[in-house]
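Listed here are the chains, written in short residue letters.
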Amino acid sequence: MSVPALKENNAAPDVKKQEDSAFFDVGFDRTELGKPDSLRFNILTWVLDERYDKAIEELKGFLEKPSEYPNFQSKITRYIHHGVDLIYAIKAKRSFPGINSLTRAKQQELREKFKEHFKELQYILKIVEKIHSDLRIQDVRSTIYVVRALWFAALGIVILAFWLDVFHGLAKTSYLVFDDIFGQVANFLAEKIGF
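Reference entry: report on the structure contained in this document. None of the values given here were measured: they were computed from a predicted structure. (Residues numbered from 1 in each chain as written. Predicted model: local features only at pLDDT ≥ 70, side-chain atom pairs only at ≥ 80, totals over all residues. Heavy atoms only, no water.)

**A closer look at the overall build of the chain**
Helix and strand counts for the chain stand at five helices and zero strands. Beginning at the N terminus, the succession of helices and strands in the chain can be written as α-α-α-α-α. A buried classification covers 25% of the 195 residues belonging to the chain. Looking at the chain alone, contacts between residues at least 24 apart form 65% of all its contacts between residues at least 6 apart. Accessible area for the chain stands at about 14,300 Å²; split by element, carbon and sulfur atoms hold 61% of it. (Helix = DSSP H or I, 4+ residues; strand = E, 2+ residues; numbered from the N terminus. Buried < 20%, exposed > 50% of the residue type's maximum accessible area, 1.4 Å probe, protein only. Contact = heavy atoms within 4.5 Å. Areas by Shrake-Rupley, 256 points an atom, 1.4 Å probe, with all protein chains shown as cover.)

**Brief notes about the packing of aromatic side chains**
The full count for this structure, using the stated rule, is three aromatic pairs. With a centroid separation of 5.9 Å and 85 degrees between ring planes, the pair formed by F62 and F72 is classed as edge-to-face. Taken together, the residues F62 in helix α3 (residues 52-64) and F72 in helix α4 (residues 72-94) connect sequence positions 10 residues apart. The same class applies to F62 and to F72, which are both buried. (Phe/Tyr/Trp six-rings, centres within 6.5 Å; stacked < 30°, edge-to-face > 60°.)

**Examining the packing of α3 against α4**
At a closest axis distance of 9 Å, the pairing of α3 and α4 adopts a crossing angle of 175 degrees. As the angle between them shows, α3 and α4 are arranged roughly antiparallel. Classifying every residue of the contact of α3 with α4 gives 13 nonpolar, four polar and five charged. (Axes fitted to C-alpha atoms, helices over the stretch in contact; angles between N-to-C directions. Parallel < 35°, antiparallel > 145°, perpendicular 65-115°, else oblique. Nonpolar A, V, L, I, M, F, W, Y, C, P; charged D, E, K, R; others polar.)

**Description of the nonpolar core**
Counting residues in each nonpolar core, the largest one holds 31 residues, and the members touching the most others are I43, V47, L59, I76, I87 and L121. Looking at this core, the elements that each hand over two or more residues are α2 (39-48), α3, α4 and α5 (104-193). Other than its neighbours up to four places away in sequence, I76 contacts F62, L63, V128 and I131. (Core = buried A, V, L, I, M, F, W, Y, C linked by side-chain atoms within 4.5 Å.)

**Quick notes on the side chain of S38**
Relative to the assigned elements, S38 resides in the loop between α1 (2-23) and α2. What makes S38 buried here is its relative accessible area of 15%. Side-chain polar atoms of S38 contact the backbone nitrogen of F41, separated by 3.3 Å. (Polar contact = N/O pair within 3.5 Å; in protein donor to acceptor, adjacent residues only side chain to side chain.)

**Some details on the layout of surface pockets**
Size it by volume and the largest pocket reaches roughly 190 Å³. G34, K35, S38, L39, R40, F62, V128, E129, H132 and S133 are the residues that line the largest pocket. The leading source of residues in the lining of the largest pocket is α5, at four residues. Taken together, the residues that form the lining of the largest pocket break down as three nonpolar, four polar and three charged. (1 Å grid on protein atoms, 1.4 Å probe; cavity = no way out; pocket = protein on both sides within 12 Å on 5 of 7 lines; lining within 4 Å. Points joined across faces, edges and corners; volume = space filled by probe spheres on them.)

Structure, rendered in C-alpha cells:
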C-alpha cells in the first residue's frame, strides 16, 4: 500500500504544476510561435516551459553572435535587452510567492500582466526577425544592383568594341571595296561610251 501513496505524493507536484500552467495559460495558437528552430520559437517555448535562464542565455548569445550584416547588432540591441527584461518580468509573475493567498482580482491582474508581457515578448521577437529579413532583402537588392551594373558594363563594352570594329576596321575596308567597285563600274562605263 505504501507504493501507491508514494505515487500519489509524486503526482501532487505534477498536479500543482498543471494547475499553475493552466492559471498562466496564454491562450494562443501554436503557429504564433514562429517556425520551429527559429529564435522566436525557441525563446517563447522556453518561457512557456519555465526555462527562463535558457531563454535569456539564447537571447544574449544571439546578440553576441557575429552577423553577416554590419549594423544588425546595433539595430537589435535595445530589443534584445527589452526581451530579457520581459523574460525576468514573466518569471517574477509566474513564480510569485503566495499566489494562492491573493484575492481573485489580484490573481486575475497577475495573469493579465503575464499575458501582456508574453505578447510583448512575442512582438519584440517578431521585430528582431523583421529587422533580420529587411537586412537580408537589402543585401539581396544590392547584389542584384551590382550584377545588373556588371551586365550593363559588359554590354556597353561589347557595343563599344563592335562600334570601334565597324568604324575603324569594317568602315575602312568597306570604303576600299566600294571605291574599287565604283572605279570598275566607272571604267566599264567609260569603255562603253568610248572615252
